[in-house]
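So you can see what is in the structure, the chains are spelled out below.
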Amino acid sequence: MRFDVITLFPELFTPFLESGVTRRAYASGQVGVHLWNPRDHAEGNYRRVDDRPFGGGPGMVMMAEPLQRCLDAALRARSEAGEAASPPVVLFSPIGTTLRHAVVADWAQSQGAVLLCGRYEGLDQRFIDAHVTHQLSLGDFVLSGGEIAAMALLDAVARLQPGVLNDEGSYQQDSFNPALDGLLDCPHYTRPEVWDGREVPAPLLSGHHAQIERWRRDQRLAITARHRPELIGQARAQGLLNAKDEGVLAKMGNEL
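Residues numbered from 1 in each chain as written. Predicted model: local features only at pLDDT ≥ 70, side-chain atom pairs only at ≥ 80, totals over all residues. Heavy atoms only, no water.

**Description of the pattern of salt bridges**
Using the criterion set out here, one finds 15 salt bridges in the structure. Measuring nitrogen to oxygen at the nearest pair gives 2.9 Å for the salt bridge that ties Arg2 to Asp4. When its relative accessible area of 0% is taken as the criterion, Asp4 is described as buried. When the shortest N-O distance is used, the salt bridge between Asp218 and Arg214 registers 2.7 Å. In this pair, Asp218 and Arg214 are both assigned in helix H7 (residues 209-227), four residues apart and thus about one turn of the helix distant. Assessed through its relative accessible area of 22%, Arg214 is described here as partly exposed. (Salt bridge = Lys/Arg side-chain N within 4 Å of Asp/Glu carboxyl O. Buried < 20%, exposed > 50% of the residue type's maximum accessible area, 1.4 Å probe, protein only. Helix = DSSP H or I, 4+ residues; strand = E, 2+ residues; numbered from the N terminus.)

Structure, rendered in structure tokens:
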């Protein structure tokens, strides 16, 4: 899959693409990332890409014309590389769909997209109306630009690609994964068995696989009930909780 990222700060992506386990996806081309700077497509000595908003107000607005030329260049390059001629164009925006596991899983199965990283007060709405097909958000807060959100999407998509993680089943044990019925993950422990007077829970040292899995399931249920109870409701509505699960939750409720 190929992602073309339109950003005024392509240098922010260099360490990101060269670090961590997901670099394998970028280095191998499983997730191709191509960076495009609107300033390279702006006119005049100052390569201006922004201007004051009509109607007044604080801040600046990214201009449609350099964005248009930049997008055209990215689309030509995609076409020459044999990619789809009309890819999705994604803008990271507060009004967008919240980036959750199910959304990431869909993008992980896609052919990629053009990612727009806004800056300042945002983009000229006419450009958005003409080209943007999807809008995504990391949550109910505002960033200085879309670059961090674009990296979040790229990282989440890359780690779902075959062979990127050391253990093929690693991501299936992540929080929110359908393999865990959408619950939060359980705690994890490693050596030494006793640290600072704190012991590893006995079931994890038992060697009894069924007991270990039951302990982990109970922990996932308890942590999810405490911190994200709506996920318990979703799992229950989908028929994913069995009698033992409900017993754990009932006992937990009585203790509270």
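Moving on, there is more to tell.
**Thoughts on unusual backbone geometry**
Residue Pro192 follows Arg191 across a cis peptide bond; omega there is 0°. Turning to its location among the elements, Pro192 is positioned in the loop between helix H6 (147-158) and strand E8 (194-195). Backbone geometry places Asp181, a non-glycine residue, at a positive phi of 60°. A positive phi is found at Asp196, a non-glycine position, where the angle reads about 55°.

**Considerations on a nonpolar patch on the surface**
A cluster of nonpolar side chains, Leu138, Phe141, Leu143 and Ile148, forms an exposed patch at the surface whose accessible area comes to about 340 Å². Of note, Leu138 is situated in the loop between strand E7 (134-137) and H6. On the basis of relative accessibility, which here comes to 31%, the residue Leu138 falls in the partly exposed class. (Patch = residues over 30% accessible without salt bridge, like charges linked within 9 Å, V, L, I, M, F, W, Y side chains within 5 Å. Areas by Shrake-Rupley, 256 points an atom, 1.4 Å probe, with all protein chains shown as cover.)

**Regarding the sheet that holds strand E1 (residues 2-6)**
Two strands in a sheet stick together by hydrogen bonds in their backbones, pointing the same way (parallel) or opposite ways (antiparallel). What the five strands build is an open sheet, ordered E2-E1-E6-E5-E7; its pairing is parallel. Each edge of the open sheet is held by one strand with a lone partner, namely strand E2 (32-36) and E7. Strand after strand, the sheet turns through a mean of 40° between neighbouring axes, direction not considered. Here E1 runs beside E2; their pairing, made up of five bridges, is parallel. The residue bridging Asp4 from the neighbouring strand is His34, located in E2. (Pairing = 2+ DSSP bridges. Axes fitted to C-alpha atoms, helices over the stretch in contact; angles between N-to-C directions.)

**Quick look at the nonpolar core**
Ranked by size, the top nonpolar core spans 31 residues in total, and within it Phe13, Leu115 and Leu154 carry the most contacts. Where this core is concerned, the elements lending two or more residues are E1, helix H1 (13-17), helix H2 (23-28), strand E5 (89-98), helix H4 (101-108), strand E6 (112-116) and H6. Top element by residues in this core is H6. It accounts for eight residues. Ignoring anything within four residues of it in the chain, the contact list for Phe13 reads Val5, Thr7, Leu35, Cys117, Glu147, Ala150, Met151 and Leu154. Formed by 20 residues, the second largest nonpolar core is a distinct cluster that contains Met62, Cys70, Val114 and Val132. (Core = buried A, V, L, I, M, F, W, Y, C linked by side-chain atoms within 4.5 Å. Contact = heavy atoms within 4.5 Å.)

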